[in-house]
Amino acid sequence: MVLVSVLSLMVLVGGVFWYNHATTEASVVDAGTAPAGASTASGSDAQSGSQILLGLARDAIHDGRLVAPAGSNAYEFYLSVLQLEPQNRTAQEALRESFPRASEEIERTINQNDLDEARREIDLLREFDSNNFTLALLGGKLSAARNIETKRHEAEAERIQQTNTGHSAGM
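About the cut-offs
Residues numbered from 1 in each chain as written. Predicted model: local features only at pLDDT ≥ 70, side-chain atom pairs only at ≥ 80, totals over all residues. Heavy atoms only, no water. Helix = DSSP H or I, 4+ residues; strand = E, 2+ residues; numbered from the N terminus. Buried < 20%, exposed > 50% of the residue type's maximum accessible area, 1.4 Å probe, protein only. Contact = heavy atoms within 4.5 Å. Areas by Shrake-Rupley, 256 points an atom, 1.4 Å probe, with all protein chains shown as cover. Expected span 1.5 Å × (residues − 1). Salt bridge = Lys/Arg side-chain N within 4 Å of Asp/Glu carboxyl O. Axes fitted to C-alpha atoms, helices over the stretch in contact; angles between N-to-C directions. Parallel < 35°, antiparallel > 145°, perpendicular 65-115°, else oblique. Left-handed = near helix turned anticlockwise from the far one by under 90°. Nonpolar A, V, L, I, M, F, W, Y, C, P; charged D, E, K, R; others polar. pLDDT = per-residue confidence, 0-100. Polar contact = N/O pair within 3.5 Å; in protein donor to acceptor, adjacent residues only side chain to side chain.

With that out of the way, let us pick up the overall build of the chain. Along its length, the chain carries 6 helices and 0 strands. The linear arrangement of helices and strands in the chain, starting from the amino end, is α-α-α-α-α-α. In the chain, which comprises 171 residues, the share counted as buried stands at 30%. Considering only residue pairs separated by 6 or more positions, the chain has 61% of its internal contacts joining residues 24 or more positions apart. Here the chain has roughly 10600 Å² of accessible surface; of this, 55% comes from carbon and sulfur atoms.

Next comes the structure, spelled out in structure tokens:
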């Protein structure tokens, strides 16, 4: 799911690059000169893409979208920056600094019993720090919540079965 979101984002960013590149080339051709820095386009494209993603991440944080919704949250944007530029300090620091808040959001998601979303969010944070003890604790809490949900479903199924058995015995 995260991979699909990241790939979609990369296609979007690629479209932005293509559009910017095409409009720049068109205006340069109109002026009758060759594009300046045409040989360094790939390096500047990565930096330009990172800048776009960093801006999207800042907007997402401002809007309270730290780990959700899928495909449009700060964590995914920062992780995408690190795919383009693995040593990008801004993205690394932002991920590190927001980790405690993101963990709290995941715990709230578990408490709200949105367990599939909580799994996605835990997996998202694991992409940044797979050995984090807090994530191990959240994984344990998620597992316990899933077990409780399973028991609740089993009890409900048993109650329905007993209700149906009682109705058929009375006929």
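The first and last C-alpha atoms of helix α5 (residues 115-128) sit 21 Å apart over 14 residues, in line with the 20 Å expected at 1.5 Å per residue. Within α5, burial applies to Leu115, Glu117, Ala118, Arg120, Glu121, Ile122, Leu124 and Leu125.

Under the counting rule described, the total for this entry stands at 8 salt bridges. Residues Asp123 and Arg126 are paired through a salt bridge, measuring 3.9 Å at the closest nitrogen-oxygen approach. Of this pair, Asp123 and Arg126 both sit in helix α5, 3 residues apart, which is roughly one turn of that helix. Here Arg126 falls in the partly exposed class, since its relative accessible area comes to 29%. Residues Glu156 and Arg159 are paired through a salt bridge, measuring 2.6 Å at the closest nitrogen-oxygen approach. Of this pair, Glu156 and Arg159 both sit in helix α6 (residues 133-169), 3 residues apart, which is roughly one turn of that helix. The exposure class of Glu156 is partly exposed, given its relative accessible area of 37%. Through salt bridges with shared partners, a single ionic network connects Glu76, Glu117 and Arg120.

Geometry of a packed helix pair, given as the angle between the helix axes and the separation of the axes. Remark: helix α3 (residues 74-84) packs on α5, axes separated minimally by 10 Å, with the N-to-C direction vectors making an angle of 30°. If you check the angle between α3 and α5, you find them roughly parallel. With respect to the hand of their crossing, α3 and α5 are arranged in left-handed fashion. In this structure, α3 contributes Tyr75, Glu76 and Leu79 to the contact, and α5 contributes Arg120, Leu124, Leu125, Glu127 and Phe128. Here the contact of α3 with α5 is built from residues that sort into 5 nonpolar, no polar and 3 charged.

Another aspect to go through is the confidence of the model for the chain. Residue-level pLDDT values for the chain average 82, and 73% of them are 70 or greater. No element of the chain has a lower mean pLDDT than helix α1 (residues 2-31), at 41, and none a higher one than helix α4 (residues 89-111), at 98. Note that residues 1-40 has pLDDT below 50 and, in this model, 25 contacts with residues that lie over four places away or in other chains.

Our next topic: the packing of α4 against α5. It is at 10 Å that the axes of α4 and α5 come closest, and there the two elements cross at 160°. In terms of orientation, α4 and α5 fall into the roughly antiparallel class. Crossing of α4 against α5: the hand is left-handed. Seen from α4, the contacting residues are Gln92, Leu95, Arg96, Phe99, Ala102, Ser103, Glu105, Ile106, Thr109 and Ile110; seen from α5, they are Leu115, Glu117, Ala118, Glu121, Ile122, Leu125 and Phe128.

A few words now on the side chain of Asn88. Mapped onto the secondary structure, Asn88 falls in the loop between α3 and α4. A residue is classified by how much of its surface remains accessible, and Asn88, at 9% relative accessible area, is buried. Among the polar contacts made by the side chain of Asn88, one reaches the main-chain amide nitrogen of Thr90 at a distance of 3.1 Å. Filtering out sequence-adjacent residues up to four positions away, Asn88 remains in contact with Ser50, Leu54, Val81 and Leu82.

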